[in-house]
Each structure stands twice: as C-alpha cells, then as structure tokens.
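Reading the structure
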Amino acid sequence: MVRRIDVTGAGGVRLAAWEFGDPPKTDPTGPDPAVGAGPGDGSGAVDEARGEAAEGPADTGAARAPGVLLLHGLMGRASHWAPTARWLSERRRAVALDQRGHGQSAKPTGAEYTREAYVDDVEAALEQLGLAPAVLIGHAMGALTAWQLAAKRPDLVCGLIICDMRASALGAASQREWENWFKAWPLPFATLADVRKWFGEDDPSVERPNPSRGEFYAEVMHECGDGWRPVFDLDQMLRTRETWVYDAHWEELAQVQCPALVVRGLDGELGRAESQEMVRVLPNGQYAEVADAGHLIHYDQPDAWRSAIEPFLEGIAPRVRSARGAVKSERR
C-alpha cells in the first residue's frame, strides 16, 4: 500500500510525501481510509495529509529500525523509489519525497529553487513526518541534498547513502550540454511507447539500448492535449541545476559525521577515483559499486542495488538503538 502525506516545505511550498508499506491500524468503528492515486501508478491507499504520519505498531521491525527518507534526482519523482521502498518497508518506515518542482509536489513559478530551499524542504519533511533521526538515501541531486542536510543537521540524520553523485564542480560545459539535450527532446511525444523508445534507444546520448532508462522517463510524463509532456518545467530544471553545477561540494561532505555509503554504477557518471576520494573525505565513509549499471543504478540493477546497500542499512540499526539506549540511561 502507498499513502500520501502532505508536508510544508520552505516558504510554504506544498510537498507530497509517499509512505510505502501497510497503513497504520485504525479504529474499526471509524471511517474507512480514503483511497486515491498513489505516485505514478494510479493506485494505493492515500492519507491526505495533516502534515504528520501515523506510527506503525510498536512491536514491528519498522519501529525498531531507523526510518528512511528517499530523495530522487533532478527530473525524478518519488515513485522511482517504489521497488526500493517496498522492501525497505518490511523492516523500517520508508517514505519517498516528491521534491519541489517535481512529481505531485507544488511547482510555483515564484518559489526559490536554490540548494538552500531543497535542503530546508527535507529538514522540514523529516521533522513533520516524525522520521528523525533517519537514514537518507539520495540519487544524484537528491544525494547532494542529503549530504548537505546531514552536514547542517546531524541530529536528524543517522545514516546516508549517496547514489551516483559527484562532489566536484561539473562546470559551464556540462550545463550547456544539458541545455542542448533538452532542446533535442521531440516534444510532445505521441504515446508513452514513443517516450520509452526515444529515451531508451533513440536519444543521441544513449550509447546502447537501455529499456530501464526508457521506463524511468515514461514515469515522469503526463498526457496533455497535444500529447505526452514532462510533469516538470524544463527551464525550471535548468535553473535548479545551475544552483550546484558550478560549485564543488567537498566541504559539506567532510562535515558529515554519520556513517555514509557511496554507491556508483560502473557505467555511471561518478568515476571510481572520485568516488573513492569521497569515501576518504567522509569521516565514516564506505564504498560499493554495482556492475552493469549506469547512472540509474536502482533502476538498471534493482537486485544488485539491494545487495549493495542492505548490509550498510543493517549496520545502522544497532548504532541507533545503542545511541537511544545511552540517551535513556542519561535521562534516568
């Protein structure tokens, strides 16, 4: 089951969070929970939000293990995390966030799309969802947001997984490449099959057919009067990317005190040398790589992705329980 929880981000921007797993127990004499559209697939239980999520039963594994907040990358959406969130929810509370300008979160033209705004949004989401201290799992832009928040608010983050995001500056040439790539999109697409084919095969940036890439982009399209278009604004995405592409982010990485795992696909955008330097800079860094995976590691190789991150997650739970026990002892 999937339920929606609305939270309020920086500047009052409405954000949609999606909790995966069984819904919380309700009073059998009370009203039935509302049923509505889950992220991306048009199904799932939805709890229209009051800005907080109900806790699961106190004796479940999910109550013992730290919760997880999943953050998608630029142009992504929460539903991209659905397979990961579903197996995570077997033992812990798993929530994926549609970040501002993405998915079903608000996309106000006058809002800030700065690094600070994205970090502040996640800070607010963790507090309103009652997830903290939580493990943050971020892909690309979401990973950068995750480690910047971990540096800013170590009390909210007990673990960090960085999925294929570079700490070095990408530069002006990279931004120009993205501008030209956006111009090459043959919008509107006539059908979702056309979306899958273009992004999975015909896109000039694709070296070999990649069906999972086609599926990834089909997930962020919606049907308009003239065909299928992205749920986000392309110019807004470029402006968002400008807020990090010219800067390096090593300083914040070095300030992350919690255990952190850097994961790269062997064919992804994060090179081995840089990923290993990131692990060295992190005070408690670890490294994992996934073969036959590109930038979309969790989409390309979901089973290998799980194998890469699950041992790290299992190691976080005892640390958190030990810390909580120490706090209780001090209070006594």
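Residues numbered from 1 in each chain as written. Predicted model: local features only at pLDDT ≥ 70, side-chain atom pairs only at ≥ 80, totals over all residues. Heavy atoms only, no water.

With that settled, consider the sheet that holds strand β9 (residues 260-265). Whenever strands of a sheet pair, they do so through backbone hydrogen bonds, lying parallel or antiparallel. Spatially, β1-β2-β4-β3-β5-β6-β9-β10 is the arrangement adopted by the 8 strands of the open sheet, whose pairing is mixed. Of all the strands in the sheet, the pair left with one neighbour each is β1 (2-8) and β10 (285-290). Between one strand axis and the next, the sheet turns by 20° as a mean value, whatever way the strands run. The sheet contact formed by strand β5 (residues 134-139) and strand β6 (residues 157-163) spans 6 bridges and is parallel. Residue Leu-136 lies in a different strand from β6, and its bridge partner there is Leu-160. Helix α10 (residues 272-281) contacts β6, β9 and β10 of the sheet and is inclined by roughly 155° relative to β10. (Pairing = 2+ DSSP bridges. Helix = DSSP H or I, 4+ residues; strand = E, 2+ residues; numbered from the N terminus. Axes fitted to C-alpha atoms, helices over the stretch in contact; angles between N-to-C directions. Contact = heavy atoms within 4.5 Å.)

Taken as a whole and judged by the stated rule, the model has 20 salt bridges. Here Arg-4 makes a salt bridge to Asp-6, at a shortest N to O gap of 2.8 Å. For the pair shown, Arg-4 and Asp-6 are each scored as buried. Close ionic contact of Arg-264 with Glu-289 constitutes a salt bridge, the shortest N to O distance being 3.6 Å. Taken together, the residues span a long stretch of sequence, with Arg-264 in strand β9 and Glu-289 in strand β10 at a distance of 25 residues. Overall, the relative accessible area of 6% leaves Arg-264 in the buried class. We classify Glu-289 as partly exposed; its relative accessible area is 34%. A cluster of three or more residues bridged by salt bridges with shared partners is formed by Asp-120, Glu-123, Glu-127, Lys-152, Arg-153 and Asp-155. (Salt bridge = Lys/Arg side-chain N within 4 Å of Asp/Glu carboxyl O. Buried < 20%, exposed > 50% of the residue type's maximum accessible area, 1.4 Å probe, protein only.)

Predicted coordinates in regions of low pLDDT should not be interpreted in detail. Scored by pLDDT, the protein has a mean of 87; 82% of the residues are at 70 or more. In the predicted structure, residues 325-332 sits below a pLDDT of 50 and forms 0 contacts with residues beyond four places in sequence or in another chain. (pLDDT = per-residue confidence, 0-100.)

With that settled, the discussion passes to helix α8 (residues 234-245). An ideal rise of 1.5 Å per residue puts 16 Å on 12 residues; α8 measures up with 16 Å between its terminal C-alpha atoms. On the buried face of α8, the contacting elements are α3 (115-129), α4 (141-152) and α5 (171-184). Put simply, Asp-233 is the residue that caps the front of α8, since its side-chain oxygen is 3.1 Å from the backbone nitrogen of Asp-235. (Expected span 1.5 Å × (residues − 1). Polar contact = N/O pair within 3.5 Å; in protein donor to acceptor, adjacent residues only side chain to side chain.)

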